[in-house]
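# Report on the structure
Read off the chains here:
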Amino acid sequence: MDNSLKKWIVFSVIALGLFSTVMEGSMIGVALPSIAADLSLSLPMVAWLPLISIITIVACLLPVGNISDRLGRKSVYIVGAFIMGAGSLLSALSLDFNSLIAGRIIVGVGSAMRMATGMAMIVLVFPKDERGKGLGANATTVGLAAISGPILGGFLVQYGGWESIFWIQVISSALVIVLGLLIIPSQIVEKGRKGKSGRFDYIGSFSSALGFSL
């Protein structure tokens, strides 16, 4: 396969995970009134659903980035997709506020794992003189996901109920796992990582997570 085509195919797989991650975050806002009505919750309570995911993502980004350098970017990305899919499944099956919050926290952890590794892999997939293309395409993906999320979310909530926005994420996570395992080249995306050198800074990681969360 031509290298110029191959890098765009690999980028598309990584971008699919990024697109679904950003889109999921922008879809849930549309579903909040339906969730509140269905589970007899107040709007201030359901407002915690997107907020708790954002807090979790911010808290986990730095530690997860370090862990991916040690354990492998591709592995952390794939596991992140699995965790996000599991959190979305729990959210889709939730019958009360507590299980929804738990599902959203799990989704946040998986999202952080995908975000922390996705950008690093995109930078490595493109040669140095073409990294601007990769970063530009990545920014475009984020923008399209943020715009399309509320539109698709409104359609899903209207015709499939609020649970459908989580089922979509379960399906997309499964697709990301399969395509990631088959297409993302480990020999390229693992370049330059530190491996197991040095000790993991547990205190620093906890402090940063706590500080960003607060």
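Residues numbered from 1 in each chain as written. Predicted model: local features only at pLDDT ≥ 70, side-chain atom pairs only at ≥ 80, totals over all residues. Heavy atoms only, no water.

Taken together, the side chains of Leu152, Phe155, Tyr159, Ile168 and Ile171 define a hydrophobic patch exposed on the protein surface, amounting to about 510 Å² of accessible area. Secondary-structure elements contributing two or more residues to the nonpolar patch are α6 (131-160) and α7 (163-183). If one sorts the elements of the nonpolar patch by residue count, α6 sits on top with 3 residues. Secondary-structure assignment places Ile168 in helix α7. (Patch = residues over 30% accessible without salt bridge, like charges linked within 9 Å, V, L, I, M, F, W, Y side chains within 5 Å. Areas by Shrake-Rupley, 256 points an atom, 1.4 Å probe, with all protein chains shown as cover. Salt bridge = Lys/Arg side-chain N within 4 Å of Asp/Glu carboxyl O. Helix = DSSP H or I, 4+ residues; strand = E, 2+ residues; numbered from the N terminus.)

Ranked by internal contacts, the top residues of the largest apolar core, which has 24 residues, are Ile35, Val46, Leu49, Leu100, Trp162, Ile165 and Phe166. The element best represented in this core is helix α1 (residues 3-38), accounting for 9 residues. Contact partners of Leu49, with chain neighbours within four places excluded, come to Ile28, Leu32, Ile35, Phe97, Leu100, Ile101 and Arg104. Within the second largest apolar cluster, 17 residues are counted, among which are Val10, Val13, Met121 and Ala137. (Core = buried A, V, L, I, M, F, W, Y, C linked by side-chain atoms within 4.5 Å. Buried < 20%, exposed > 50% of the residue type's maximum accessible area, 1.4 Å probe, protein only. Contact = heavy atoms within 4.5 Å.)

So, about the packing of aromatic side chains. Going through the model one piece at a time under the given rule, you end up with 5 aromatic pairs. Between the aromatic rings of Trp8 and Phe11, the centroid separation amounts to 5.6 Å while the plane-to-plane angle is 85°, which identifies the pairing as edge-to-face. In this pair, Trp8 and Phe11 both sit in helix α1, 3 residues apart, roughly one turn of the helix. We classify Trp8 as partly exposed; its relative accessible area is 33%. Measuring from ring centre to ring centre gives 6.1 Å for Trp162 and Phe166, while their planes differ by 80°; the resulting arrangement is edge-to-face. Since its relative accessible area comes to 4%, Trp162 is described here as buried. Taken together through their ring pairs, the aromatic side chains of Trp8, Phe11 and Phe126 make up a single cluster. (Phe/Tyr/Trp six-rings, centres within 6.5 Å; stacked < 30°, edge-to-face > 60°.)

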